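Each chain is listed here by its residues.
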Amino acid sequence: MVTEKVGRRRAIAILSLPMILTWIMLYFARSFAILVASRVIVGISYGGVILLTYVTTAEYTTTKQRAAFVTIVTAVGPSIGTALGHVLSILMHWRTVALIGIIPTALSIVLPLFWVESPSWLASKGRFEESMAAYRELHGRSEATEVELKLLVNFEKTKQNEFTPNKKLYLSMFEKIILALKQMYFWKISLLVAVISVYRVAGGRILYNTLAITMLQEMTENSNILMSTLLVDGFIVTGSILPVYLFRKMKTRTLLFLFGLTSNIVLIVLSACLYYIPRENVYFAWVCSSLLAFYFIIAYAGPYAVLELLLSELYPLELKSFCTFLYGTFAGFATFLSIKLAPTMFDSMGYHGVFLLNATIVFLCLGYLWFYLPETKGRTLQEIEQYFRNGNFDNDIDLNLEQCESDDLVA
């Protein structure tokens, strides 16, 4: 709702404001109720910020930049921040760490105020001159960026002419949703994003990250929590950094399926080792710890990076705020269930059973994505949207540039 009204940059600043309150509440908290209240506020506030980072990073970057920058914003930064938070929480009192949390939150409020507005958001509102100015301020006037700019503006003009003839400047969000529900492309994207969300939950990005230190301590019978934290977070940070390089060398689908299958096989082998190798075996701790490390590195380097990128690419521009809310809510609820049910599942099935079950779900998700996920590397957001509308990347808008071009575009 906020980003639909005020744009991307102001929405991030506004939604970051309550987070400063939560850190202060956390520092002064003397009751369980205050702790829960701070978590509720930060869940809503940061939930909006983190979802907007997917949207804005894709909209502010060109096709060549998009994969690397989305990875840095959604994987590298959070993994380093999480690792830093874990270490500080071991070395310092948690109330002190809460005060330190005010610093990045304040930056999240202030820095967006110095950005230009998202060219895509401006174009979706029919503010094409402002969109062109913002795009050129971000990317200059090279031949490649001018082509992307023309495609953005002309694609939005064509959609607005097609869906709002002789009515008004643009449709309300409710009208856009009703119109989208009648379109097959919306349901194609919805099912694809649902499968991606299930993959992210079954792959254990949140669950394994949350419980990895406990699992590692149980496997190795080592109670040194600082060492376990450094190891686990080190694996995750390493895996998060690798895609920045890999996206330059490999196609999106290749990275997803090659690393996705490999990480899943590693998880199955880990499950078998936990089941068949007795804990008394001298090699048990080393084998299981190494396999867990390989899984984190490979999963973060491949499937997790690709899935985060896809979540920034697939939503149609006019419905991004609605889709981000809808699918973000679904993913959040699924993640909550996985963590809530995890202790019961670990007790009844063991780590090996949960790993095997999740690996089976991931295989099913990979099978669906193999048939229905297009290759998005080198494609603009408009071309990706056009693919789901028409079933191919042959963009008819490109063939009619002169019909829609304004004097501003060639100025």
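Just so you know, the residues in each chain are numbered from 1, in the order the chain's sequence is written. In keeping with the model being predicted, local features are shown solely for residues with a pLDDT of at least 70 and side-chain atom pairs are shown and tallied solely at 80 or more, while totals for entire chains, interfaces and linings include all residues. Heavy atoms from the whole structure form the basis of all side-chain values; hydrogens and water molecules are not counted.

A. Here's a closer look at the overall build of the protein chain. Only runs of H or I of at least four residues qualify as helices and only runs of E of at least two qualify as strands under DSSP, and these elements are numbered from the N terminus. Of the regular secondary structure elements, the protein chain holds 19 helices and 0 strands. For 411 residues, the compact-globule estimate of 2.2 N^0.38 gives 22 Å, and the protein chain sits close to it at 23 Å. The buried label applies to any residue whose accessible area, calculated with a 1.4 Å probe on protein chains only, is under 20% of its type's maximum; exposed applies above 50%, and partly exposed to all values in between. Within the protein chain, the proportion of its 411 residues that are buried is 51%. Of the contacts made within the protein chain by residues no fewer than 6 positions apart, 77% connect residues no fewer than 24 positions apart. A gap of 5 Å separates the mean positions of the 33 positive and 30 negative side-chain charges of the protein chain. C-alpha atoms define the radius of gyration, and 2.2 Å times the number of residues to the power 0.38 defines the globule rule. We call two residues in contact when some of their heavy atoms are within 4.5 Å. The charged-residue count follows a simple rule in which Lys and Arg add positive charge and Asp and Glu add negative charge, with His and chain termini not counted at all. Each charge is placed at NZ for Lys, CZ for Arg, CG for Asp and CD for Glu.

B. Local environment of the environment of Y275. Looking at the element boundaries, Y275 is found in helix α14 (residues 252–276). The spacing of Y275 and G350 is 75 residues in sequence and 8.8 Å in space, taken between C-alpha atoms.

C. Inspection of the pattern of salt bridges at higher detail. Throughout this description, the term salt bridge denotes a Lys or Arg side-chain nitrogen within 4 Å of a carboxyl oxygen of Asp or Glu. In this structure the tally under the stated criterion is 9 salt bridges. Put simply, R127 and E130 hold a salt bridge, and the shortest N to O gap is 2.8 Å. Exposure remark for E130: the relative accessible area of 40% places this residue in the partly exposed category. E146 is the salt-bridge partner of R136, the closest N and O atoms lying 3.0 Å from each other. Of the two residues, R136 is situated in helix α8 (residues 128–139) and E146 in helix α9 (residues 143–163); the sequence distance between them amounts to 10 residues. This pair shows no difference in class: R136 is buried, exactly as E146 is. Among the charged side chains, a salt-bridge network with shared partners connects R8, E59 and K320.

D. The nonpolar core, seen in detail. The biggest cluster of nonpolar side chains holds 72 residues, and the ones touching the most others in it are L256, F296, L314 and L369. For this core, the element with the highest residue contribution is helix α17 (residues 320–372), accounting for 13 residues. Dropping the residues within four chain positions of it, F296 is found in contact with Y208, N209, A212, V232, F235 and I236. Nine residue types can take part in a nonpolar core, namely buried Ala, Val, Leu, Ile, Met, Phe, Trp, Tyr and Cys, and a core is a set of them joined through side-chain atoms within 4.5 Å. A123, F128, Y135 and V153 belong to the second largest nonpolar core, which has 8 residues in total.

E. Expanded view of the packing of helix α3 (residues 32–60) against helix α4 (residues 63–91). Think of each axis as a best-fit line through the C-alpha atoms, taken over the contacting stretch in the case of a helix, with angles from 0 to 180 degrees between the N-to-C directions. Interhelical geometry of α3 versus α4 gives an angle of 155° and a closest axis separation of 9 Å. Viewed along their axes, α3 and α4 adopt a mutual orientation that is roughly antiparallel. Like other packed secondary-structure pairs, α3 and α4 cross with a definite hand, here right-handed. Judged by residue contacts, T53, Y54, T57 and A58 of α3 engage R66, F69, V70, V73 and T74 from α4. By the definition adopted for this analysis, an angle is roughly parallel if under 35 degrees, roughly antiparallel if over 145, roughly perpendicular if from 65 to 115, and oblique otherwise. Helix crossings fall into two classes, left-handed where the near helix is turned counterclockwise from the far one by less than a right angle and right-handed where it is turned clockwise.

F. Quick peek at the confidence of the model for the protein chain. Of all residues in the protein chain, 91% have pLDDT values of 70 or greater, and the mean over the chain is 86. The predictor attaches a confidence to each residue, and that confidence, scored 0 to 100, is pLDDT. Across the protein chain, element-level confidence peaks in α14 with a mean pLDDT of 94 and bottoms out in helix α19 (residues 401–404) with 46. Across residues 398–411 the pLDDT falls below 50, and counting only partners more than four positions away or on other chains, this stretch makes 22 contacts in the model.

G. Up close: a nonpolar patch on the surface. A contiguous nonpolar patch, built from I90, L91, M92, I100, I103, L107, L111, W115 and I225 and spanning about 800 Å² of accessible area, is present on the exposed surface. Those elements that place two or more of their residues in the nonpolar patch are α4 and α6 (102–110). Its place among the elements puts M92 in the loop between α4 and α5 (94–100). In this scheme, patches are assembled from residues that exceed 30% relative accessible area and form no salt bridge. Like charges are connected within 9 Å, while nonpolar side chains (Val, Leu, Ile, Met, Phe, Trp, Tyr) are connected within 5 Å. Areas reported here follow the Shrake-Rupley algorithm with a probe of radius 1.4 Å; residue values treat only the protein chains shown as occluding.

H. View of the environment of M19. Relative to the helices and strands, M19 is located in helix α2 (residues 8–28). Each C-alpha atom, one on M19 and one on S108, is 9.9 Å from the other, the two residues being 89 residues apart in sequence. Every residue in contact with M19, bar those within four places of it in the chain, is listed here: V42, S45, Y46, V49 and T105.

I. Fine view of helix α11 (residues 184–202). Between the first and last C-alpha of α11 there are 27 Å, a value that for 19 residues agrees with the 27 Å anticipated at 1.5 Å per step. Phi turns positive one or two residues past the end of α11, at G204, with a value near 85°. Given the number of residues in a helix, its expected span is that number minus one, multiplied by 1.5 Å.

J. The arrangement of the state of the cysteines in detail. The disulfide definition used here is simple: a pair of cysteine sulfur atoms within 2.5 Å. For the coordinates displayed, the defined rule picks out 0 disulfides. Its sulfur unpaired, C323 is 19 Å from the next cysteine sulfur, which belongs to C365. Look at C323 and you get buried, because its relative accessible area is 1%.

K. Expanded view of the environment of P303. Position of P303 among the secondary structure elements: in helix α16 (residues 303–313). Accessibility expressed as a relative area gives 1% for P303, which makes it buried. Each C-alpha atom of the pair P303 and S118 lies 28 Å from the other, and the pair is 185 residues apart in sequence. Not counting residues within four places of it along the chain, the set of residues in contact with P303 comprises Y199, L256, F259, G260, S263 and I298.

L. Just helix α13 (residues 225–249), in detail. The end-to-end C-alpha distance of α13 is 37 Å, a good match for the 36 Å that 25 residues give at a rise of 1.5 Å each. At any given residue, the bend is defined as the angle formed between two axes, one fitted to the seven residues that end at that position and one fitted to the seven that begin there. Largest kink in α13: about 30°, centred on P243. Of all the residues in α13, the buried ones are S228, T229, V232, D233, F235, I236, V237, G239, S240, P243, L246 and F247.

M. Representation of the packing of aromatic side chains within the structure. Classification of ring pairs uses Phe, Tyr and Trp, with its six-membered ring standing for Trp, and accepts pairs whose centres are within 6.5 Å; under 30 degrees between planes counts as stacked, over 60 as edge-to-face, and the remaining range as tilted. Within this structure, the stated rule accounts for 14 aromatic pairs. Seen from their ring centres, F257 and W370 are 5.1 Å apart, and the 70° between their planes marks the pair as edge-to-face. In this pair, F257 sits in helix α14 while W370 sits in helix α17, placing the two residues 113 residues apart along the sequence. Looking at F257, the relative accessible area reads 8%, which means it is buried. Where Y275 meets Y276, the ring centres are 4.9 Å apart and the plane angle is 85°; that geometry is what we call edge-to-face.

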